[in-house]
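# Inside the fold
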Amino acid sequence: MFGESKRQPFIKTAQLSTLIAEGVEIIGDVAFAGGMRIDGRVRGDVIGRRLDTTTASLLVLSAKGEIEGSIRCGDAVINGTVVGDLDVEHRLELQSDAKVTGTIRYRQLQMDVGASVQGHLLRV
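Below, the structure is looked at part by part. (Residues numbered from 1 in each chain as written. Predicted model: local features only at pLDDT ≥ 70, side-chain atom pairs only at ≥ 80, totals over all residues. Heavy atoms only, no water.)

### Focus: the overall build of the protein chain
In terms of regular secondary structure, the protein chain is built from zero helices and 18 strands. Evaluated residue by residue, the protein chain yields a buried proportion of 41% over its 124 residues. Of the contacts formed within the protein chain by residues at least 6 apart in sequence, a portion of 23% connects residues at least 24 apart. Of the accessible surface of the protein chain, which amounts to about 7,200 Å², a share of 48% is contributed by carbon and sulfur atoms. (Helix = DSSP H or I, 4+ residues; strand = E, 2+ residues; numbered from the N terminus. Buried < 20%, exposed > 50% of the residue type's maximum accessible area, 1.4 Å probe, protein only. Contact = heavy atoms within 4.5 Å. Areas by Shrake-Rupley, 256 points an atom, 1.4 Å probe, with all protein chains shown as cover.)

### Structural notes on the sheet that holds strand S10 (residues 75–78)
Overall, parallel pairing links the six strands, which are arranged S1-S4-S7-S10-S13-S16 in an open sheet. Edge strands, defined here as strands with exactly one partner in the open sheet, are strand S1 (16–20) and strand S16 (108–111). Strand after strand, the sheet turns through a mean of 10 degrees between neighbouring axes, direction not considered. In this sheet, S10 lies alongside strand S7 (residues 58–61) in parallel orientation, the contact comprising four bridges. (Pairing = 2+ DSSP bridges. Axes fitted to C-alpha atoms, helices over the stretch in contact; angles between N-to-C directions.)

### With respect to the sheet that holds strand S14 (residues 99–101)
Adjacent strands of a sheet form backbone hydrogen bonds with each other and so pair up, either parallel or antiparallel. Overall, parallel pairing links the six strands, which are arranged S2-S5-S8-S11-S14-S17 in an open sheet. Edge positions in the sheet fall to strand S2 (25–27) and strand S17 (116–118), since each of these pairs with one other strand and no more. Between one strand and the next, the sheet's axes are offset by a mean angle of 5 degrees, whatever the strand orientation.

### A closer look at the pairing of strand S13 (residues 91–94)
Inspection of the sheet shows S10 paired to S13 by three bridges, in the parallel sense. Among the inter-strand pairings, Ala76 is bridged to a residue of S13, identified as Leu92. Note: S13 against S16, four bridges, orientation parallel. Its bridge partner being in S16, Leu94 is matched across the sheet by Met111.

### So, the environment of Ser96
If you trace the backbone, Ser96 turns up in the loop between S13 and S14. In the structure, Ser96 is positioned 18 residues away from Ile78 in sequence and 8.9 Å away in space, judged by C-alpha atoms. Not counting residues up to four positions away in its chain, the partners in contact with Ser96 are Asn79, Asp112, Val113, Gly114 and Ala115.

Here it is, written out as structure tokens:
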């Protein structure tokens, strides 16, 4: 009755096709289609594009990852540091190590205990 429940992911991350690995730093804007995971650092805007009419772009920022710039994508799972505005078309998951400084626009939001936002949350 009170056994451990398995937490279902808010966003499925199986469609990741691109990785910016830990230790990699990109200076400049990054555009991607499909899914991308960032373990490194990006200084510039990160823009996700649709693969087709049914598949939204997915950005996963690990606890090690950092982005200094604005983000625009379909879905996002954030567990690292973002300094800039975040514009998520559908679902946004802020995990426990997420630290966001900037305005966040979203349709659906899941925010874990420990996540911090310094800025505005705007549901669209």
